[in-house]
Amino acid sequence: MIYTLIMTFMVIISITVPLIGGNTSAETAPKEDPPLDDEPLWEKKFDDDIDVIPVYDDIYVTLLNENRIHLLKENGDIRWTHEYQGHMISWPVVGNEHYYFLIGTNDENAITLRSIDYETGDIRWETDIPEKEIVWTVVNIYEEVYLVSRDRLIMVNSEGSIRWEREIGNIHNGVHRLMTNKEGGLHGVYRNDDLIFISRDGEIKWTYPLDGPDTYLPDINRPEHHDHIYIVENEKIHWLDMSGEVVRTENYPNLGDVSSLDIIHDTFFVLSTAQEGLYIKSYTREGVLEWERLLAPESSIENQVFRFKILENNQLYTLIYSVFLKNIQAYELDGTLRWEYELDTAEGFRHLHVTETGTLYLASIHGNIYAYQDRPLREETSKLSFFYIALIVVTILMSIFVAMIILERKDKL
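Keep in mind the model is a prediction, meaning the values are calculated, not measured.

## A few points about the overall build of the protein
Part 1 of the reasoning: Check the secondary structure of the protein and you find two helices and 30 strands.
Part 2 of the reasoning: The 413 residues of the protein split such that 48% are buried.
Part 3 of the reasoning: At a minimum sequence separation of 6, the contacts of the protein that also span at least 24 residues come to 40%.
Part 4 of the reasoning: Accessible surface for the protein amounts to roughly 20900 Å². Of this, 50% is attributable to carbon and sulfur atoms.

## A few points about unusual backbone geometry
Part 1 of the reasoning: Even without a glycine there, the phi angle at E235 is positive, about 60°.
Part 2 of the reasoning: Tracing the backbone through its elements, the reader meets E235 in the loop between β17 (229–233) and β18 (236–240).
Part 3 of the reasoning: Its relative accessible area of 35% is what places E235 among the partly exposed residues.
Part 4 of the reasoning: With a phi angle near 65°, D266 is a residue other than glycine that sits in the positive phi range.
Part 5 of the reasoning: With respect to the helices and strands, D266 occurs in the loop between β20 (257–264) and β21 (267–273).
Part 6 of the reasoning: We classify D266 as partly exposed; its relative accessible area is 42%.

## Examining the pairing of strand β13 (residues 162–167)
Part 1 of the reasoning: With five bridges joining them, strand β12 (residues 152–156) and β13 adopt antiparallel strand pairing. Looking at the pairing, R152 lines up with E167 of β13.
Part 2 of the reasoning: What sits between β12 and β13 in their antiparallel hairpin is a turn of five residues, with G160 showing a positive phi close to 95°.

## Some remarks on the pattern of salt bridges
Part 1 of the reasoning: This model, assessed by the stated rule, comprises 13 salt bridges.
Part 2 of the reasoning: Linking E144 and R163 is a salt bridge whose minimum nitrogen-to-oxygen distance equals 3.3 Å. Placement of the pair is E144 in the loop between β10 (136–139) and β11 (145–148) and R163 in strand β13, with a sequence separation of 19 residues.
Part 3 of the reasoning: On the accessibility criterion, E144 (5% relative accessible area) is buried.
Part 4 of the reasoning: The exposure class of R163 is partly exposed, given its relative accessible area of 39%.
Part 5 of the reasoning: Here D201 and R163 are joined by a salt bridge, their closest N and O atoms 2.9 Å apart. Residue D201 is located in the loop between β15 (194–199) and β16 (204–209), and its partner R163 is located in strand β13; the two are separated by 38 residues in the primary sequence.
Part 6 of the reasoning: A relative accessible area of 57% places D201 in the exposed class.
Part 7 of the reasoning: Salt bridges here are not isolated pairs; linked through shared partners, they connect E144, R163, R200 and D201.

## Re the pairing of strand β23 (residues 289–297)
Part 1 of the reasoning: Here seven bridges tie strand β22 (residues 277–284) to β23, and the two strands are oriented antiparallel to one another. By the bridge assignment for β23, S282 is matched with W291.
Part 2 of the reasoning: In sequence, β22 turns back onto β23 through a hairpin of four residues, with G287 there showing a positive phi of about 95°.

## Some thoughts on the sheet that holds β16
Part 1 of the reasoning: The antiparallel open sheet is built from three strands, whose spatial order is β14-β15-β16. Only two strands of the sheet have a single neighbouring strand rather than two, namely β14 (186–190) and β16. Strand-to-strand twist in this sheet, taken as the mean axis angle between neighbours without regard to direction, amounts to 20°.
Part 2 of the reasoning: Two strands pair when backbone bridges link them, and β14 and β15 are joined in this way by five bridges, in the antiparallel orientation. Bridge assignment links Y190 to a residue of β15, and that residue is L195.

## Observations concerning the nonpolar core
Part 1 of the reasoning: Grouped together as the largest cluster of nonpolar side chains are 14 residues, with contacts concentrated most on I237, L261 and F268.
Part 2 of the reasoning: Put simply, the parts of the chain that give this core at least two residues each are β17, β18, β20 and β21.
Part 3 of the reasoning: Take this core: its biggest share by element is three residues, from β20.
Part 4 of the reasoning: Not counting residues within four places of it along the chain, the set of residues in contact with L261 comprises Y216, P218, I220, V232, I237, F268, F269, V270 and F308.

## Describing the sheet that holds β18
Part 1 of the reasoning: Pairing in this open sheet of three strands is antiparallel, and the strands run β17-β18-β19 from one edge to the other. Two strands bound the open sheet, and with one partner strand each, they are β17 and β19 (246–251). Direction aside, neighbouring strands of the sheet carry axes that sit 20° apart on average.
Part 2 of the reasoning: Bridging between β18 and β19 involves five bridges; their strand directions are antiparallel. Along β19, the bridge assignment pairs K236 with N251.

Scoring rules and cut-offs
- Residues numbered from 1 in each chain as written.
- Predicted model: local features only at pLDDT ≥ 70, side-chain atom pairs only at ≥ 80, totals over all residues.
- Heavy atoms only, no water.
- Helix = DSSP H or I, 4+ residues; strand = E, 2+ residues; numbered from the N terminus.
- Buried < 20%, exposed > 50% of the residue type's maximum accessible area, 1.4 Å probe, protein only.
- Contact = heavy atoms within 4.5 Å.
- Areas by Shrake-Rupley, 256 points an atom, 1.4 Å probe, with all protein chains shown as cover.
- Pairing = 2+ DSSP bridges.
- Salt bridge = Lys/Arg side-chain N within 4 Å of Asp/Glu carboxyl O.
- Axes fitted to C-alpha atoms, helices over the stretch in contact; angles between N-to-C directions.
- Core = buried A, V, L, I, M, F, W, Y, C linked by side-chain atoms within 4.5 Å.

Shown next as structure tokens:
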């Protein structure tokens, strides 16, 4: 009896102990096959030069030459088609209530802002904007639209009426960042030598001086960071609160010339160029370099476009463009390369978008769209959870084992 209990206990321990050790280290895990090696989930052909705009798990397909927009469902079916006159000035944007806003031309002296119902594609309202050149369009959580020209900010309310206009001076090279706190109450614009924040009423609340034209202002689109503004200057990152006060500054050695930045789990991921070439780097909140990967040597990065994206399933994707999209890489957040894929440039791929469910959409200039499925969104289970589960199981089994021994001895007595 004792021998049987011991053998049973040892077998259970041999099964349980590996749980305490956790999963195999990502550093030693083999590289995965890219999902683009598989057959696509679906593919669709349009007879036109197209652009693709992601929205939630659906995507917009803009037919540039035919003045039409399709909204495709996640399975590739067309939800609706919307036609418009003139030409598109800036891409549609999507508000909290699933409306998007399209800017089209009206005449030589004005443009038209159009609101479209997300479910049906019908026009909700449209209004003329007294501005010839709009460089950016943003919508906040109240469905209020901010139109940015090179020297003016225009706010249109959720009903389509212009609420206010404000001269804001020369925006640096036509570049701006319009950031919103979680209440949607402040909006920031990057000018030549400062950052200004404007209230919903159009009042300039405060300004922050910038240290030269190479200052980078990332737009961190994560709810936990909506109450902070991050400014990258000279290998330093400043944290500002929504009143414009600097609450923290950290040094980030060898940061390089940053073109993209994202923050997840208090880890800072940056895409930057240095003397050797293009890097993806990971830093702790305190500025300690955790890992870096050289994506492209210096000789090959001229006139290229680089992006990266981190999904909620903790996967990091880097997209390397030249004239056309050439290389896609997927990483774990610890820097382990999961897979990479070299695209056939003859297809003329220009766009790749990744949804939060891990679906990859590829679009080409020939009107082809392909959908592939990568690793789906998953529940994160920590090694610590495995440890406690295993500890509880072992404790229960040991208690049962001891109790059975005591009972057996009592029977013998």
